[in-house]
Amino acid sequence: MAGILDEMQEYNYSFNVKLLGVPQLSADENAVQTSNLCVKIFNKMVANVSINDLDIAHRVSTRSASREGPKPIVCKFTRRLARNEVMSLRKEACKINLEEIGLPQAEEIQLLYADGKDFKSRYNFEFCWAKNATIFLRRSTNDRALKIRSSFNLTKLEQQEQSMLT
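Keep in mind the model is a prediction, meaning the values are calculated, not measured. (Residues numbered from 1 in each chain as written. Predicted model: local features only at pLDDT ≥ 70, side-chain atom pairs only at ≥ 80, totals over all residues. Heavy atoms only, no water.)

Engineer: Could you give me a rundown of the state of the cysteines, with the residues and numbers involved?
Structural biologist: Evaluated as defined, the whole model comprises zero disulfides. Looking at the unpaired Cys-75, the closest cysteine sulfur is the one in Cys-38, lying at 4.2 Å. (Disulfide = S-S within 2.5 Å.)

Right under this line is the structure:
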C-alpha cells in the first residue's frame, strides 16, 4: 500500500515547478497574485501558459531558517503538457526584465553576476552561476564552490588571486 501512495505522490509532483529567487510582490502576497505573477513569468519565457493551466501557485517556507532571499514559489499545473513547455524553456527565465512583469529590478545582483563572469574569465575559473541571489564561482569540477554575496566578497577573492600570482 505504501508503494502505491509513493507512486501517487511522485505522479502529483510531476505537475509542479519550483521557482527560486522571485521577489515578493508584497508582504501579504496571496495565491491569486502569485499565480498571476507565475503566468507573467512563463509568458515572458515565451511559454503559452494561461491562468487556467495552473491549479495554484504559492510561496512556501524553506527548511533552512538561515536561507536568505524571497520564499520559493511552488506552482502546480493542471496540465503536464503546460508544465513541460515551461520546463523546456527554463533557460529563458534569466533573460526576463523584472520591471516588465511588475517586480523591482534586481540590478545589484545582475551587476554582481556580471562582475563574477568577468572574474571567472580573468582568473581562469571554470564555473560562475547565480542561485537565490547568490553568485557562485568554482575554479574546476573538483573544487568547492565559493559564495559571492557582495562586491566586497569579490574584491577580497580578487586580492587573494592576485597575491597568488605574484
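Still more ground to cover, so stick around.
Engineer: Lay out the environment of Leu-25 with the relevant residues and their values.
Structural biologist: Its place among the elements puts Leu-25 in the loop between β1 (16-19) and α2 (31-44). Distance from Leu-25 to Leu-103, taken between C-alpha atoms, is 6.7 Å for residues 78 residues apart in sequence. Setting aside residues up to four positions removed in sequence, Leu-25 forms contacts with Gln-33, Leu-37, Arg-59, Gly-102 and Leu-103. (Helix = DSSP H or I, 4+ residues; strand = E, 2+ residues; numbered from the N terminus. Contact = heavy atoms within 4.5 Å.)

Engineer: Describe the nonpolar core, listing the residues and the values that go with them.
Structural biologist: By size, the foremost hydrophobic cluster in this structure holds 22 residues, and its most contacted members are Leu-19, Cys-38, Ile-41, Phe-42, Leu-54, Cys-75 and Phe-77. Mapped by element, the contributors of at least two residues to this core are β1, α2, β2 (54-59), β3 (73-77) and α3 (80-88). With five residues, α2 is the largest single contributor of residues to this core. Beyond its immediate chain neighbours, meaning those up to four positions away, Ile-41 contacts Leu-19, Val-22, Ile-96 and Ile-101. Formed by 10 residues, the second largest nonpolar core is a distinct cluster that contains Leu-112, Ile-135, Leu-137 and Ile-148. (Core = buried A, V, L, I, M, F, W, Y, C linked by side-chain atoms within 4.5 Å. Buried < 20%, exposed > 50% of the residue type's maximum accessible area, 1.4 Å probe, protein only.)

Engineer: Report on the pattern of salt bridges, specifying residues and quantitative values.
Structural biologist: Counted by the stated rule, this structure contains eight salt bridges. The salt bridge involving Lys-95 is made with Glu-92; its shortest N-O contact spans 3.3 Å. Judged by its relative accessible area of 61%, Lys-95 is exposed. Connected through salt bridges with shared partners, the residues Asp-118, Arg-122 and Glu-158 form a single ionic network. (Salt bridge = Lys/Arg side-chain N within 4 Å of Asp/Glu carboxyl O.)

Engineer: Describe in detail the side chain of Ser-14, supporting the description with residues and values.
Structural biologist: With respect to the element layout, Ser-14 can be found in the loop between α1 (2-13) and β1. Among all residues touching Ser-14, those that are not within four sequence positions of it are Arg-80 and Arg-83.

Engineer: Would you mind going over unusual backbone geometry in detail, with residue names and values included?
Structural biologist: Residue Val-46 is not a glycine yet carries a positive backbone phi of 75°. Relative to the helices and strands, Val-46 resides in the loop between α2 and β2. Residue classification places Val-46 among the exposed residues on the basis of a relative accessible area of 65%. Phi at Asn-124 takes a positive value of approximately 55°, unusual for a residue other than glycine.

Engineer: Got a sec to walk through the sheet that holds strand β4 (residues 127-131)? Specific residues and values, please.
Structural biologist: Strand order across the open sheet formed by three strands is β4-β5-β6, with antiparallel pairing between neighbours. Where the open sheet ends on each side, the last strands, each with one partner, are β4 and β6 (146-148). Adjacent strand axes in the sheet meet at a mean angle of 25°, parallel and antiparallel pairs treated alike. Two strands pair when backbone bridges link them, and strand β5 (residues 134-138) and β6 are joined in this way by three bridges, in the antiparallel orientation. Among the inter-strand pairings, Ile-135 is bridged to a residue of β6, identified as Ile-148. This element, helix α5 (residues 151-165), spans β5 and β6 of the sheet and lies at about 135° to β6. (Pairing = 2+ DSSP bridges. Axes fitted to C-alpha atoms, helices over the stretch in contact; angles between N-to-C directions.)

Engineer: Help me get a handle on α2, residues and values and all.
Structural biologist: Between its first and last C-alpha, α2 extends 20 Å over 14 residues, near the 20 Å set by a 1.5 Å rise per residue. Listed as buried for α2 are Thr-34, Ser-35, Leu-37, Cys-38, Val-39, Ile-41 and Phe-42. For α2, the elements touching its buried residues are β1, β2, β3 and α3. Its side-chain oxygen at 3.1 Å from the backbone nitrogen of Val-32, Asn-30 defines the N-terminal cap of α2. Within two residues after α2, Val-46 carries a phi angle of roughly 75°, on the positive side. (Expected span 1.5 Å × (residues − 1). Polar contact = N/O pair within 3.5 Å; in protein donor to acceptor, adjacent residues only side chain to side chain.)

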